[in-house]
Amino acid sequence: MLLAILEISNFTFSYPRSPQPALKDINLRVAKGEFIGITGPTGAGKSTLASCLNGIIPHFQGGTAQGQISLQGSSIFERSTAQISRVVGSVFQDPEAQIICTEVEQELAFGLENLGFEPAEIERRIAVALDMVGITALRYWPTVALSGGQKQRVAIAAALAMLPEILVLDEPTSELDPMGTEDIFRVLTKLNQEYGITVIIIEQKTEHLAAHAGRIVILHNGEIAMDGEPWQVFSQQEALAAIGVRIPQVAQLARMLGGNSKETLPLTVEEGRRFLERMLRR
Ligand SMILES: Nc1ncnc2c1ncn2[C@@H]1O[C@H](COP(=O)(O)OP(=O)(O)O)[C@@H](O)[C@H]1O
Ligand SMILES: [Mg+2]
């Protein structure tokens, strides 16, 4: 694999006074430019893992950790949250909770001002970040006037204003309908493909993950249960059902009709359509 931008090695983490570790012996190597979808049932440790990548653990949350997480080749635990935020941008589940300013522009300026950037650099980065996410028109909007999907785009733009190498998103579409969700995934795909940003998204909506991510990681009971290309992971339907992970519907249908390899297992609606056409022609 190419140079790892992020490498988690034999990492175990326990919350204070918790008998069971929330993460157990995690090994995950992420190359620059990957688009990784992480999924798994509630309580699997997904948010804990996200907190380890943005510095909430150990800076704001106690507990005991073993093993190593290295970011661009050096330990993440030796960096402040401000240093981490220049490399790892974070977006969370609830857009209400992460938007703190009354106007979109201020929201994007906030983190940059805290890091002491010059006004001209702040101006440049705000314009770039708004453009990357496609919300230049919302620049002077009051944040209360935004829809849920617009709020999540603003949260993504605020993270991008720091020009991070990696974007970590923890269930960013849980408040959004299927169209709003697809819209966010399209933005992430563009950021990944056009700007080379490494995307790590925690998401329960496996349909969208299958269509956009290049790699799927399944977390279960604090451990990595599966790690592979979408077709490799989503073809293991019995194992996923036992873990409690929803399988994309097109993949379910294809399995019923006998598809199970990379060539035949469709993961998007378009692939599903072509798969059905092939089956019907036989
Ligand atoms: N602040 C905390 N203190 C103690 N235990 C926690 C805390 N946050 C999460 N946990 C526990 O850690 C485990 C993993 O939780 P979490 O990372 O939130 O899972 P997920 O995001 O996959 O639903 C769960 O058993 C949960 O109860
Ligand atoms: Mg969670």
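A quick note: this is a predicted structure, and the numbers were derived from the prediction, not measured.

### A look at the sheet that holds strand β4 (residues 64-71)
(1) Moving on: Taken in spatial order, the four strands make up an open sheet running β2-β1-β4-β5, and their pairing is antiparallel. On the outer flanks of this sheet lie β2 (23-31) and β5 (74-75), each paired with one strand and no other.
(2) Moving on: Pairing between β4 and β5: two bridges, direction antiparallel. Following the sheet pairing, Leu71 is matched in β5 by Ser74.

### Focus on the pattern of salt bridges
(1) Moving on: Considering all chains together, one arrives at 12 salt bridges under this definition.
(2) Moving on: In this structure, Glu105 and Arg139 form a salt bridge, with 2.6 Å as the shortest nitrogen-oxygen distance. In this pair, Glu105 is assigned in helix α5 (residues 104-114) and Arg139 in the loop between α6 (119-133) and α7 (148-160), connecting sequence segments 34 residues apart.
(3) Moving on: Owing to a relative accessible area of 9%, Arg139 belongs among the buried residues under this scheme.

### Comments concerning the domain arrangement of the protein
Interfaces are often described in size by the accessible area the parts lose on coming together.
(1) Moving on: Considered domain by domain, the protein is made up of domain 1 (1-87 + 165-178 + 192-230) and domain 2 (98-163).
(2) Moving on: Taken together, the contacts link 10 residues of domain 1 with 12 residues of domain 2.
(3) Moving on: Across the interface of domain 1 and domain 2, roughly 880 Å² is buried in total on both sides, 69% from carbon and sulfur atoms.
(4) Moving on: When residues of domain 1 are sorted by the area they lose upon contact with domain 2, Arg86, Leu167 and Tyr195 head the list and together hold 48% of the total.
(5) Moving on: The interface formed by domain 1 and domain 2 holds zero salt bridges in total.
(6) Moving on: Viewed at the interface, domain 2 and domain 1 are joined by one residue pair in polar contact (both at pLDDT 80 or more).
(7) Moving on: For the side of domain 1 that touches domain 2, the secondary structure elements donating two or more residues are α3 (81-85) and β7 (166-170).

### Topic: the site of ligand 1
(1) Moving on: Looking at ligand 1, the residues that line it are Tyr15, Ala22, Pro41, Thr42, Gly43, Ala44, Gly45, Lys46, Ser47, Thr48 and Gln61.
(2) Moving on: Thr48 has a polar side-chain atom sitting 2.5 Å from an oxygen atom of ligand 1.
(3) Moving on: Among the residues making up the shell around ligand 1, the classes are represented as four nonpolar, six polar and one charged.

The rules behind the values
Residues numbered from 1 in each chain as written. Chains lettered and ligands numbered in written order. Predicted model: local features only at pLDDT ≥ 70, side-chain atom pairs only at ≥ 80, totals over all residues. Heavy atoms only, no water. Pairing = 2+ DSSP bridges. Helix = DSSP H or I, 4+ residues; strand = E, 2+ residues; numbered from the N terminus. Salt bridge = Lys/Arg side-chain N within 4 Å of Asp/Glu carboxyl O. Buried < 20%, exposed > 50% of the residue type's maximum accessible area, 1.4 Å probe, protein only. Domains from an automatic or database assignment. Contact = heavy atoms within 4.5 Å. Buried area = accessible area lost by both parts, 1.4 Å probe. Polar contact = N/O pair within 3.5 Å; in protein donor to acceptor, adjacent residues only side chain to side chain. Near = heavy atom within 4 Å. Nonpolar A, V, L, I, M, F, W, Y, C, P; charged D, E, K, R; others polar.

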